[in-house]
Structure formats: structure tokens, C-alpha cells
Amino acid sequence: MKRFLRALFLFALLAALCAAVPGADSAVPHGGPAPEQTPLADASPATPAPGTDRGSGASAVDLTADPDPDARGWQLTQTLTRGGDGSYTLTLQLWFAGAAPDGPVCPAVLRYDLAGEWRLDADASTEAFALARTSAGWAQAKQACPDLQILTDTATGTLCVAGFDDRDYVVTEKPCLDDRGRAGYGCKLVVRVTGVRPDYAATMGGQGIAAGQGGVYADVSGADPAPWARFAPTAADIVLRCDWAPANQTLAGGRGVNFGYMINPPAGGAGTLPDGVNNAWCQVRYTISRDGRTLAEFTVPPAAPMLGGSWTIPPPDPAPNEPGDYTVTVTLTSVYEAADPDAAMPQAERIVLQSTARVAG
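Residues numbered from 1 in each chain as written. Predicted model: local features only at pLDDT ≥ 70, side-chain atom pairs only at ≥ 80, totals over all residues. Heavy atoms only, no water.

## A closer look at the overall build of the protein chain
Within the protein chain, the secondary structure is distributed over one helix and 23 strands. Counting only residues that meet the buried cut, the protein chain has 42% of its 361 residues in that class. Within the protein chain, contacts between residues at least 6 apart in sequence are counted, and of these 74% link residues at least 24 apart. Put simply, the protein chain shows about 18000 Å² of open surface, and 52% of that area lies on carbon and sulfur atoms. (Helix = DSSP H or I, 4+ residues; strand = E, 2+ residues; numbered from the N terminus. Buried < 20%, exposed > 50% of the residue type's maximum accessible area, 1.4 Å probe, protein only. Contact = heavy atoms within 4.5 Å. Areas by Shrake-Rupley, 256 points an atom, 1.4 Å probe, with all protein chains shown as cover.)

And the structure:
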């Protein structure tokens, strides 16, 4: 009988985690104060995702891979950098290294898609300009590119820049004369997109998150759909965020503390609990503790749904119900190394959210 009751308790607990009903228990209010999100300096290593080794500096994005060994001389780079306001700037650069390609002029188009963890603000802006190559490096003065057509789709996070060809951005080791008789080393095209932000509807955040992908394509009807060259991969870090953390609550006397009615969103439901996609970059761990002693711990591995988690410390049977204060904790921990180790973003590595469950005497 005891084994049956324990199995029944676990089933009810997991069911509550995944499908809470708003207003089901008026004695357990959901409108408590917002929990604190506090990064810990002594964050312990997370459980790595399958096939990774956090200790060896594993990254979700292979930044050493050759994106396209047959790139027809194109050189493409991309960066995604975080600004002080929490938004990011995507910078795409491309040029053609070496002699200009033979044959007739072939117009090209740049196409790029942000990864699903990112979105474009409604007021995102895109600029495109050229930078001349000099004997000492790249010039700082921007050159206008009036013939370029720029299309940005904020709904899908896609970018398209058309109206250039590979002869426009040839960079040579020795100076060459341009069509005006001026000596130069060529130039590169720079496309800069501001207003890129994390899409917290799709991710809880983490470290080493891929920025997106794209390349240079032939912009002619019937051309091979494969790109001439692809942008080398890059990644960025996103501050971890958990919108469905517990709120301070008071339980009726004798009511046992468990996770089911403690971590659901304030409006009820379970749409933002770990679903295997939004937690692809972090581990999620829930604990109940009292007086510094952990009574129960449930861990959801990265890229696993809520029901794919397991009890790392099984809960007591029955659930703790002695009068007093209990601490309910949700901890999100990144499973990959930081894309930019020099940037001070501890909240992209680990956040701890705590609340108090008080059992009335």
C-alpha cells in the first residue's frame, strides 16, 4: 500500500507540473511577489548535453569548421555582439579575395536567417556600406552603396541584400586601377543589423547559442539554389530567464509542500515549462529545502521535456507538511561554454530563483 501511495503521489506531482488548472485551489494563491533572480559565483558545472564535455570547453557551435571549402574566393564573416541595453548587433562582412572571376557579370544576393532563439525588434534597422582596403588594412570611412536593395523581415528574422556582383568587392594583394583610373586594393561589403534580441518565447537562454546562417547566392533566374559561399558560424550568450518561477505562498495547515502548485505560471497552465526546445541550452533543477537541508530535487536535462526529468533526490512520503517555512528553488544552468569569455555575463551561466512556502501552524 505504501508503494502504491508513493507512486500515486509522484503521478499527481508530475501531472500538476505539466497541466495546472487556474483557480483549482483558492487556498493556494498565485499572485505573490516576483521571485529574485540571483546568479551565484560558485555555480557548479551543469550536466552537459549528450555528446558534449563542458570541462573541455565544448561549444554548441563548431567555430573551427570550414563553412565551404569550395567558396569561389568569397570571404564571409559574421559577428553578433551584445550592447549595453541588452540588444545585439549582427554584422555581416564579405569580399572576394584574389583575381576577379572570369566570364560575364553575375549578380549576387546575400541571404541570412536568424536562429530561432533570436528575433528582430519592430524598429530594427539595417545599413549596408563598403570599406576600402588599404596597404595597412581596412579604411574607416564608409562608402555608400546606393544600388543595393535591402529587405528585412522582422516576422521571420530573415535578411536579403541584393544588387551587387562579385566584381564589386574584389580584394587584391597588389593595387589595381578601378574604372576611374584610381589605384586601390578593392573593398568589402558590410551589412549591420541593430535591434536583434533574444526570443524568450522560444528559449530560456544560455551560452554559446548559434546566431544564424546564410551565404552568397547567384541572383539570376534558374541558378543553382546552393550558395556560392556560407558565413562562418558564430554564437552569442543570452541571459537566462525563467518567467514561471514560484511565488511566495502560504499553505493551509497540514497541506504538503510539492512542486505541482508551486512552479506553475501565475495564470496557470504549463506552456512555458521545459519542453525540450526552450531548454535546449540549459539544465533546469527544482528543489524543496528547509533549514539548509534539501528534501527533494527534480532535474530536467537540457533538450528534455518536463516528463524527461528525474528525481535526483526522491521526495519524502508524504510530502513535507509540518508547520514552518520551506524554500522552493528553480535553478537554470547553461550547458555550454561562453561564446565570449571576456564579457561579464554571469546570468547567462546560472540563475537561481527562490520563494518561500509557509505551512500554517
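## A few points about the nonpolar core
Grouped together as the largest cluster of nonpolar side chains are 43 residues, with contacts concentrated most on L110, W118 and F164. Counting residues per element, the ones that place at least two in this core are β2 (74–82), β3 (88–97), β4 (107–114), β5 (118–134), β9 (158–165), β13 (187–198), β15 (212–218) and β17 (235–238). Leave out the neighbours within four places in its chain, and L110 touches L92, L94, L159, C160, V161, F164, V191, G215 and F231. Core analysis: the second largest hydrophobic core is formed by 27 residues, M204, L240, W244 and Y326 among them. (Core = buried A, V, L, I, M, F, W, Y, C linked by side-chain atoms within 4.5 Å.)

## Points about the environment of D153
Within the secondary structure, D153 sits in strand β8 (residues 149–153). According to the relative accessible area criterion, D153 is partly exposed, its value standing at 33%. Setting aside residues no more than four positions away along its own chain, D153 makes contact with L120 and T158. Here A155 takes part through its backbone nitrogen, which lies 2.9 Å from a polar atom of the side chain of D153. Here the side chain of D153 touches T156 through a polar contact of 3.3 Å, side chain to side chain. (Polar contact = N/O pair within 3.5 Å; in protein donor to acceptor, adjacent residues only side chain to side chain.)

## Considerations on the pattern of salt bridges
Taken as a whole, this structure holds seven salt bridges when the rule is applied. Where D85 meets R197, a salt bridge forms, and the shortest distance between an N and an O atom there is 3.8 Å. Here D85 is found in the loop between β2 and β3, whereas its partner R197 is found in strand β13, with 112 residues between them in sequence. For D85, a relative accessible area of 53% translates into the label exposed. Where R285 meets E297, a salt bridge forms, and the shortest distance between an N and an O atom there is 3.9 Å. Of the two residues, R285 sits in strand β19 (residues 282–290) while E297 sits in strand β20 (residues 293–300), which places them twelve residues apart along the sequence. (Salt bridge = Lys/Arg side-chain N within 4 Å of Asp/Glu carboxyl O.)

## Some thoughts on unusual backbone geometry
Cis rather than trans, the peptide bond between D317 and P318 has omega equal to 5°. Along the polypeptide, P318 turns up in the loop between β21 (310–313) and β22 (324–334). The phi dihedral of D291 is positive, around 55°, even though this residue is not glycine. Here D291 is to be found in the loop between β19 and β20. Phi is positive for A303, close to 65°, though the residue is something other than glycine.

## What to know about the state of the cysteines
What we call a disulfide is simply a covalent bond connecting the sulfur atoms of a pair of cysteines. In this structure the tally under the stated criterion is zero disulfides. Looking at the unpaired C242, the closest cysteine sulfur is the one in C282, lying at 8.8 Å. The class of C242 is buried, set by a relative accessible area of 5%. A relative accessible area of 0% means that C282 is categorised as buried. (Disulfide = S-S within 2.5 Å.)

## What about empty space enclosed by the protein?
The full count for this structure, using the stated rule, is two cavities of 30 Å³ or more. In this structure, the second largest cavity occupies an estimated 40 Å³ of space. Around the second largest cavity, the lining residues are L90, Y112, L114, L120, T152, G157, T158, L159 and V193. Of all the elements in the fold, those that place two or more residues in the lining of the second largest cavity are β4 and β9. Residue composition of the lining of the second largest cavity, by class: six nonpolar, three polar and no charged. (1 Å grid on protein atoms, 1.4 Å probe; cavity = no way out; pocket = protein on both sides within 12 Å on 5 of 7 lines; lining within 4 Å. Points joined across faces, edges and corners; volume = space filled by probe spheres on them. Nonpolar A, V, L, I, M, F, W, Y, C, P; charged D, E, K, R; others polar.)

## Quick look at the sheet that holds β15
One open sheet holds the five strands; their spatial order is β8-β9-β4-β15-β16, and the pairing between them is antiparallel. With partners counted over all chains shown, the strands left at the sheet margins are β8 and β16 (229–230), one partner each. Bridge count between β4 and β9: seven bridges; the pairing is antiparallel. Bridging across to β9, L110 finds its partner in V161. (Pairing = 2+ DSSP bridges.)

## Some words on the environment of G206
Examined against the element boundaries, G206 turns out to sit in strand β14 (residues 206–210). Given the relative accessible area of 0%, G206 is considered buried. On a C-alpha basis, the gap between G206 and S334 in space is 4.9 Å, while along the polypeptide they are 128 residues apart. Once residues lying within four places of it in the same chain are set aside, the contact partners of G206 are D237, I238, L240, W281, S334 and A348.

## Quick word on the environment of G205
Residue position: G205 is located in the loop between β13 and β14. Under the relative-accessibility criterion, G205 is labelled buried at 0%. Note: C-alpha distance between G205 and R350 (145 residues apart in sequence) is 10.0 Å. Setting aside residues no more than four positions away along its own chain, G205 makes contact with I238, V239, L240, W281 and C282.

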